[in-house]
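Understanding the architecture of this molecule
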Amino acid sequence: MTSRLFTPAALNGTPVKNRAMVAPMTRISASETGVPGEMMQRYYASFARGGFGAVISEGIYVDQAWSQTYAFQPGIVTDEQVAGWRGVVEAVKEQDAVFIAQLIHGGALSQANIYRRSTAAPSAVKPVGQQLSFYHGQGDYAQPEAMSDRQIQQAIDAFAASAERAVNRAGFDGVEIHSANGYLLDQFLTDYTNQRNDRWGGDIEARLRLTLAVIAAVRAKVGPETIVGVRISQGKVNDFHHKWKEGKAGAVKVFAQLQAAGVDYIHVTEYQAWQPAFSDGEQTFAEIAREAAPDTAIVVNGGLDTGELAEAQLEKSADFVAIGKAALANHDWPARVAQGAALRDLPENVLSPVANIKPSEV
Ligand SMILES: Cc1cc2nc3c(=O)[nH]c(=O)nc-3n(C[C@H](O)[C@H](O)[C@H](O)COP(=O)(O)O)c2cc1C
């Protein structure tokens, strides 16, 4: 048991002591101006102390325009925000874990933004669903404005400049481009939110173009030796059961193009990672990714609460597992799994209100 989980690995030459990563989780615990403080240092360091080989940060916004998504979300734009992250990075690095910054642009799902009142998206399509109340949202999402070419270029530049700040100034080992869960890059990838008929819209490959442009711009800024990953999903925070209408054939194209773009890992997330990705086949999303991108590390996430579930994914289709809620309940999840110790259930109050979590209590 647990033979693969504790096998060392590497991501683009950076050693990772085991295969367990902390999944990105927004905690809305920065200052109002997006600056990470001491509480976030303790929070992130405790996962590293608990034995995770790598920690992926919560989604960090990338500009002072339309990217901020939630109130009290951290950014990596101003000097103060960068300095705040440097403190968090130092605390994590002291505990010997790889630390990756997840970069997010909320697009139409932005429900709080200290820089703009409006929201921006591929097309002027009001998001389905309701704002997330545990992140202080209420009611419908705003009707977004369709982004101009100039705004799209600014978003690409913002991802790239933030990646550069994250790595060269804050000290992260790498970045993860958030192209999942319904946020801006996923809005471009999704047929019903992207109704453009310019080069950024069309079939699934055309709709992936913005993600590919962001990857290229980020890579150009951080260089060949820094970890660059991308997160991909079908489901969205506002449309949980969404499935790609192009099915497996579309997924194969997406994963193959992400590999060709030169990412170091593809992070796939589904509600339950072991379930078939599409109704007309047995393969999981991770298995399709593994097959279509055989030379790229696959990180798999979704419901892998126990060592057994994680191990099964590592045996079948993934190089790393990302643990979300089970890690919130057990900051020392890897240590517990290694020892065969019992895992704690997620306390009900952990998710709401997320800002009130005291790291010492979880
Ligand atoms: C409180 C909370 C915050 C989250 N924030 C993010 C985020 O910032 N970025 C992201 O990509 N996913 C985010 N997620 C999704 C998780 O990374 C993960 O995909 C999800 O929790 C399913 O994995 P699990 O079953 O291991 O919890 C969040 C999930 C939770 C519970």
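Residues numbered from 1 in each chain as written. Predicted model: local features only at pLDDT ≥ 70, side-chain atom pairs only at ≥ 80, totals over all residues. Heavy atoms only, no water.

1. Let's talk about the layout of surface pockets
Selection criterion: Put simply, the grid is 1 Å and covers the protein atoms alone, a cavity is a trapped set of points that fit a 1.4 Å probe, a pocket is an open set with protein on both sides within 12 Å along at least five of seven lines, and lining residues have an atom within 4 Å of a point. Grid points are joined across faces, edges and corners, and a volume is the space filled by probe spheres set on the points. Put simply, DSSP marks the helices as runs of H or I at least four residues long and the strands as runs of E at least two long, and each gets a number from the N terminus on. Note on residue categories: nonpolar means Ala, Val, Leu, Ile, Met, Phe, Trp, Tyr, Cys or Pro, charged means Asp, Glu, Lys or Arg, and polar means any other residue, Gly included.
Put simply, the largest pocket is a space of about 1200 Å³. Looking at the lining of the largest pocket, the elements with two or more residues in it are strand 4 (54–61), strand 5 (98–104), strand 9 (227–233), strand 12 (320–323) and helix 10 (325–329). Each residue belonging to the lining of the largest pocket can be placed in one class, and the counts come to 20 nonpolar, 17 polar and 8 charged.

2. Some details on the site of the ligand
Under the convention used in this document: Nearness here has a simple test: a residue counts as near a molecule or strand if at least one of its heavy atoms is within 4 Å of that partner. Here a polar contact is recorded for every N or O atom pair within 3.5 Å, except that within protein the pair must consist of a potential hydrogen donor and a potential acceptor, and residues adjacent in sequence are included only if both atoms are side-chain atoms. Computed by Shrake-Rupley with a 1.4 Å probe, the accessible areas treat only the displayed protein chains as cover when residues are assessed. Think of it this way: a molecule belongs to a cavity or pocket when more than half its atoms come within 2 Å of the grid points there.
Lining the immediate environment of the ligand, one finds 18 residues, of which P24, T26, R231, N301 and G303 sit closest. In the model, an oxygen atom of the ligand is placed 2.8 Å from a nitrogen or oxygen of the G324 main chain. Relative to its free-state accessible area of 610 Å², the ligand is covered by the protein chains to the extent of 88%. When atom positions are compared with the pocket grids, the ligand is found to occupy the largest pocket. Residue composition of the shell around the ligand, grouped by class: 6 nonpolar, 10 polar and 2 charged.

3. Some details on the pattern of salt bridges
Definition in use: Salt bridge, as used here, is a side-chain nitrogen of Lys or Arg placed within 4 Å of a carboxyl oxygen of Asp or Glu. Burial here depends on accessible area, computed with a 1.4 Å probe over protein chains only, as a share of the maximum for the residue type. Under 20% is buried, over 50% is exposed, and the range in between is partly exposed.
A full pass over the atoms with the stated rule returns 16 salt bridges. In this structure, K17 and D96 form a salt bridge, with 3.9 Å as the shortest nitrogen-oxygen distance. In this pair, K17 is assigned in the loop between strand 2 (14–16) and strand 3 (20–22) and D96 in the loop between helix 2 (79–93) and strand 5, connecting sequence segments 79 residues apart. The partly exposed category is assigned to K17, whose relative accessible area is 33%.

4. What about the sheet that holds strand 11 (residues 297–301)?
For the record, the criterion: Two strands are counted as paired when DSSP detects at least two bridges linking them. Axis lines are fitted to C-alpha atoms, over the contacting stretch for helices. Their N-to-C directions set the angle, which ranges from 0 to 180 degrees.
An order of 3-4-5-8-9-10-11-12 is seen for the 8 strands of this closed barrel, with the pairing classed as parallel. The average undirected angle you get between the axes of adjacent strands in this sheet is 25°.

5. Some details on empty space enclosed by the protein
Per the counting criterion, the structure on display carries 3 cavities of 30 Å³ or more. Forming the boundary of the largest cavity are A108, L109, P127, V128, G182, D186, Q187, T190, Y192, T193, K236 and N238. Considering only residue class, the lining of the largest cavity consists of 5 nonpolar, 5 polar and 2 charged.

6. What about the UniProt feature "domain: NADH:flavin oxidoreductase/NADH oxidase N-terminal" (unreviewed entry) in the chain?
The following threshold applies: UniProt positions are given in the numbering used here, feature names are shortened, and annotations may be inferred rather than shown by experiment.
Residues annotated by UniProt as "domain: NADH:flavin oxidoreductase/NADH oxidase N-terminal" (unreviewed entry) correspond here to residues 5–342. Across residues 5–342, helical content stands at 35% and strand content at 16%; the span's end C-alpha atoms are separated by 17 Å.

7. What to know about unusual backbone geometry
Trans peptide bonds make up most of the peptide bonds, and negative phi angles are found at most residues other than glycine. The backbone of N12 shows a phi angle near 45°, a positive value even though the residue is not glycine. Counting through the fold element by element, N12 comes out in the loop between strand 1 (9–11) and strand 2. Phi at I28 takes a positive value of approximately 40°, unusual for a residue other than glycine. On the secondary structure map, I28 appears in the loop between strand 3 and helix 1 (38–49). Residue classification places I28 among the buried residues on the basis of a relative accessible area of 2%.

8. What about the packing of helix 2 against helix 3 (residues 149–170)?
Condition: In what follows, roughly perpendicular refers to angles from 65 to 115 degrees, roughly parallel to angles under 35, roughly antiparallel to angles over 145, and oblique to any angle outside these ranges. Note on convention: the crossing is left-handed when the near helix lies turned anticlockwise from the far helix by less than a right angle, right-handed when the turn is clockwise. We call two residues in contact whenever any of their non-hydrogen atoms come within 4.5 Å of each other.
Taken N-terminus to C-terminus, the directions of helix 2 and helix 3 make an angle of 55°; their axes are 9 Å apart at the nearest point. Relative to helix 3, helix 2 is oriented oblique. For the crossing formed where helix 2 meets helix 3, the hand is right-handed. Contacts between helix 2 and helix 3 involve D79, V82, W85, R86 and V89 on the former and, on the latter, R165, R169 and A170.

9. A short note on the pairing of strand 8 (residues 174–178)
With 5 of 5 residues buried, strand 8 lies mostly within the body of the structure. Burial along strand 8 is two-sided: G174, E176 and H178 facing one way and V175 and I177 facing the other are all buried. Here 4 bridges tie strand 5 to strand 8, and the two strands are oriented parallel to one another. Across the sheet, A101 pairs through a bridge with V175, a residue of strand 8. Pairing of strand 8 with strand 9 involves 5 bridges; the strand directions are parallel. Directly across from I177, in strand 9, lies its bridge partner V230.

10. Observations concerning the packing of aromatic side chains
Cut-off, in case you're wondering: Classification of ring pairs rests on two measures: the distance between centres of Phe, Tyr or Trp rings, Trp counted by its six-membered ring, which must be within 6.5 Å, and the angle between planes, read as stacked under 30 degrees, edge-to-face over 60 and tilted in between. We call a charge positioned over a ring when the NZ of a Lys or the CZ of an Arg lies within 6 Å of the ring centre and within 35 degrees of the ring normal.
In the structure shown here, the tally under the stated rule is 15 aromatic pairs. Between F47 and F52, the aromatic rings sit 6.0 Å apart at their centres with planes inclined by 80°, giving edge-to-face as the arrangement. The class of F47 is buried, set by a relative accessible area of 0%. Assessed through its relative accessible area of 0%, F52 is described here as buried. Ring centres 6.4 Å apart and planes at 85° place the aromatic pair Y70 and Y183 in the edge-to-face group. With Y70 in the loop between strand 4 and helix 2 and Y183 in the loop between strand 8 and helix 4 (184–189), this residue pair connects regions lying 113 residues apart in the sequence. For the residue pair Y70 and Y183, the accessibility class agrees, reading buried in each case. Clustering of aromatic rings is evident, with ring pairs tying together Y43, Y44, F47, F52, W85, F99, F172 and W333. A cation over a ring is seen here: R116 above W66, with NZ or CZ 4.5 Å from the ring centre. A cation over a ring is seen here: R199 above W200, with NZ or CZ 4.5 Å from the ring centre.

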